[in-house]
Amino acid sequence: MTQSFGGTDLFDEMMPPRNLWLDAWDRFQRNKMAVVGLAIAILTLFLGIFGPALAPYDYTLIDMRALAQPPSLEHPMGTDEIGRDMLSRILQGARTAVLVAIFVTVINTVMGLVLGTLSAYMGGIVDMVIMRIADILIAFPGLLLAVFVNATMKRPVSLVSEWLYELTGLGFFQNTLVINYLIVLGAISLIGWPGLARLVRGQILSLREREFIKAQVAMGSPRWRIMALHLVPNAIGPLIVAVSASIGGAMVAESSLSYLGLGIQPPGASWGRMIVENMLQWSVYPHLVAMPSLVLAICVFGFNFLGDGLNDALNPRQIRS
């Protein structure tokens with residue numbers, strides 16, 4: 001039995017102070033839906049990396065003896081209208097979804113963090129230019145802007161890649177699949193960074209008025225040092241929450257572009273492309289549309305649950321006394 005002095009538990013007094021991130025992890029573990037979201041996110045990343053190697057068949061293999069078959073032991077998710085194994089195609093589509101989500105998230109995070117920090121701390125003309133560009137991009141419907149960029153940039157990017165191939169002789173610049181991925185990544189990234197930049201800007205505007213920042217300024221610390229060592233680390237919590245929630249949005253954006261015929265093109269595999277290719281077969285072979293749609297929905301829900309859980313764990317206002 002522990003003794004208490006003045007309403008304070010002696011055992012608590014002897015305990016070392018808890019780490020902020022350990023406390024956040026404890027709160028996160030108590031959120032069952034957040035744990036489920038974390039498990040789905042880890043499984044999605046695993047399948048994106050190793051899924052194609054685990055696929056039972058080549059995702060491009062056409063079997064004319066197994067056209068539009070329902071799920072079976074030989075084909076656990078059935079086959080499509082030209083005999084390709086749906087499980088193998090979904091696993092390959094997982095790699096596309098994870099690849100797009102990771103690259104888009106990294107690009108958006110770097111751009112949002114750098115531009116948001118510069119905008120808030122530098123102020124003046126820098127702040128005005130960055131925020132007006134962000135406002136213009138936010139004013140457009142995100143998917144329509146991505147469609148516009150994707151449709152209009154294919155020809156210029158193809159011309160640049162041809163010029164680079166003639167200049168360097170590298171076959172990389174003639175790989176149409178790589179060029180297709182770059183265009184899709186650029187289109188989705190364009191619509192993602194403004195929101196993160198505004199979030200970071202708001203955090204930095206609040207932090208730069210704190211005493212420890214004013215002390216660094218008074219001591220003559222360079223601006224880059226203040227931003228890199230004091231402002232950015234303290235603004236990273238809300239950014240982590242926003243980034244985790246945006247991963248699912250990137251997957252939906254890529255699938256939406258592919259559904260419209262402007263995303264990943266064959267021989268690349270995409271869940272959105274699989275859905276639109278089989279829409280005409282929906283009434284006869286519903287599993288052709290249901291399987292990729294269900295997988296996409298589960299992945300998006302998982303990352304959304306993860307984002308909500310991180311928000312509850314990292315947001316100080318969620319801490320109950």
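Going along each chain's sequence as written, the residues are numbered from 1 onward. Note on the predicted model: pLDDT of at least 70 is required for a residue's local features to be given, and 80 or more for side-chain atom pairs to be given and counted; whole-chain, interface and lining totals, by contrast, use all residues. Derived side-chain values reflect all non-hydrogen atoms in the structure, with water molecules and hydrogen atoms excluded from consideration.

1. A look at the overall build of the protein
Link 1 in the chain: A helix here means a DSSP run of H or I that spans at least four residues, while a strand means a run of E at least two residues long, and both kinds are numbered starting from the N terminus. If you tally the helices and strands in the protein, you get 11 helices and two strands.
Link 2 in the chain: Written out in order from the N terminus, the α and β elements of the protein read β-β-α-α-α-α-α-α-α-α-α-α-α.
Link 3 in the chain: If one aligns the C-alpha atoms of the protein with their principal axes, the spans along those axes are about 80 × 60 × 35 Å.
Link 4 in the chain: Throughout, exposure labels follow a simple rule: accessible area from a 1.4 Å probe, protein chains only, divided by the maximum for the residue type, with under 20% read as buried, over 50% as exposed, and the rest as partly exposed. Taking all 321 residues of the protein together, the buried fraction comes to 40%.
Link 5 in the chain: We call two residues in contact whenever any of their non-hydrogen atoms come within 4.5 Å of each other. Across the protein, the fraction of contacts at a sequence separation of at least 24, relative to all contacts at a separation of at least 6, is 68%.
Link 6 in the chain: In these tables, accessible area is a Shrake-Rupley quantity obtained with a 1.4 Å probe, and a residue counts as shielded only by the protein chains included in the view. Summed over its atoms, the accessible surface of the protein is roughly 17,900 Å², and 68% of this surface lies on carbon and sulfur atoms.
Link 7 in the chain: None of His or the chain ends enter the tally, which takes Lys and Arg as positive and Asp and Glu as negative. To locate a charge, the coordinates of NZ of Lys, CZ of Arg, CG of Asp or CD of Glu are taken. With 21 positive and 21 negative side-chain charges, the protein shows a spacing of 8 Å between the two charge centroids.

2. Some points on the UniProt feature "transmembrane region" (unreviewed entry) in the protein
Link 1 in the chain: In the numbering used here, UniProt assigns the feature "transmembrane region" (unreviewed entry) to residues 34-55, 96-121, 133-152, 172-193, 231-253 and 284-307.
Link 2 in the chain: The span residues 231-253 carries 100% helix and 0% strand; its end-to-end C-alpha distance comes to 31 Å.
Link 3 in the chain: A helix fraction of 88% and a strand fraction of 0% characterise residues 284-307, whose end C-alpha atoms lie 37 Å from each other. UniProt positions are given in the numbering used here, feature names are shortened, and annotations may be inferred rather than shown by experiment.

3. Quick notes on helix α9 (residues 223-259)
Link 1 in the chain: One less than the number of residues in a helix, times 1.5 Å, gives the span that helix is expected to have. The end-to-end C-alpha distance of α9 is 46 Å, clearly below the 54 Å that 37 residues give at a rise of 1.5 Å each.
Link 2 in the chain: When the local axis directions of α9 are compared, the greatest deviation, roughly 45°, occurs at I236, which is followed within four positions by the proline P238.
Link 3 in the chain: Of the residues flanking the end of α9, it is G261, one or two places downstream, whose phi is positive at about 85°. Consider a residue and the seven residues that end there alongside the seven that start there; fitting an axis to each set, the bend is the angle between those axes.

4. Comments concerning the side chain of T96
Link 1 in the chain: When you line up the elements, T96 lands in helix α4 (residues 86-122).
Link 2 in the chain: Residues within four places of T96 in sequence aside, it is in contact with Y181, E254, I264 and A269.

5. What to know about the confidence of the model for the protein
Link 1 in the chain: Confidence per residue, as judged by the predictor, is encoded in pLDDT with a range of 0 to 100. Mean pLDDT over the protein stands at 80; residues scoring 70 or higher make up 90%.
Link 2 in the chain: No element of the protein has a lower mean pLDDT than helix α1 (residues 10-14), at 45, and none a higher one than helix α3 (residues 32-54), at 91.

6. A look at the packing of helix α8 (residues 211-218) against α9
Link 1 in the chain: To get an axis, fit a line to the C-alpha atoms, keeping to the stretch in contact for a helix; angles then go from 0 to 180 degrees between the N-to-C directions. In the contact formed by α8 and α9, the axes pass within 11 Å of each other and the chain directions differ by 175°. Judged by the angle between their axes, α8 and α9 are roughly antiparallel. In this structure, α8 contributes F212, I213, Q216 and V217 to the contact, and α9 contributes I226, H230, L231 and N234.
Link 2 in the chain: When the residues that make up the contact of α8 with α9 are grouped by side-chain class, the tally is five nonpolar, three polar and no charged. Note that the term roughly parallel is reserved for angles under 35 degrees, roughly antiparallel for angles over 145, roughly perpendicular for angles of 65 to 115, and oblique for everything else. Gly is put with the polar residues, along with every residue not named as nonpolar or charged; the nonpolar set is Ala, Val, Leu, Ile, Met, Phe, Trp, Tyr, Cys and Pro, and the charged set is Asp, Glu, Lys and Arg.

7. What to know about the side chain of S244
Link 1 in the chain: Inspection of the secondary structure puts S244 in helix α9.
Link 2 in the chain: For S244, a relative accessible area of 6% puts it in the buried group.

8. Details of the packing of α9 against helix α11 (residues 287-314)
Link 1 in the chain: Closest axis-to-axis distance for the α9/α11 pair is 8 Å, and the angle between their directions is 170°. Taken together, α9 and α11 sit at an angle that is classed as roughly antiparallel. Along the contact surface, α9 presents G237, I240, V241, S244, A245, I247, G248, M251, V252 and S255, while α11 presents L296, C299, V300, F303, N304, L306, G307, L310, N311 and L314.
Link 2 in the chain: Split into classes, the residues belonging to the contact of α9 with α11 amount to 13 nonpolar, seven polar and no charged.

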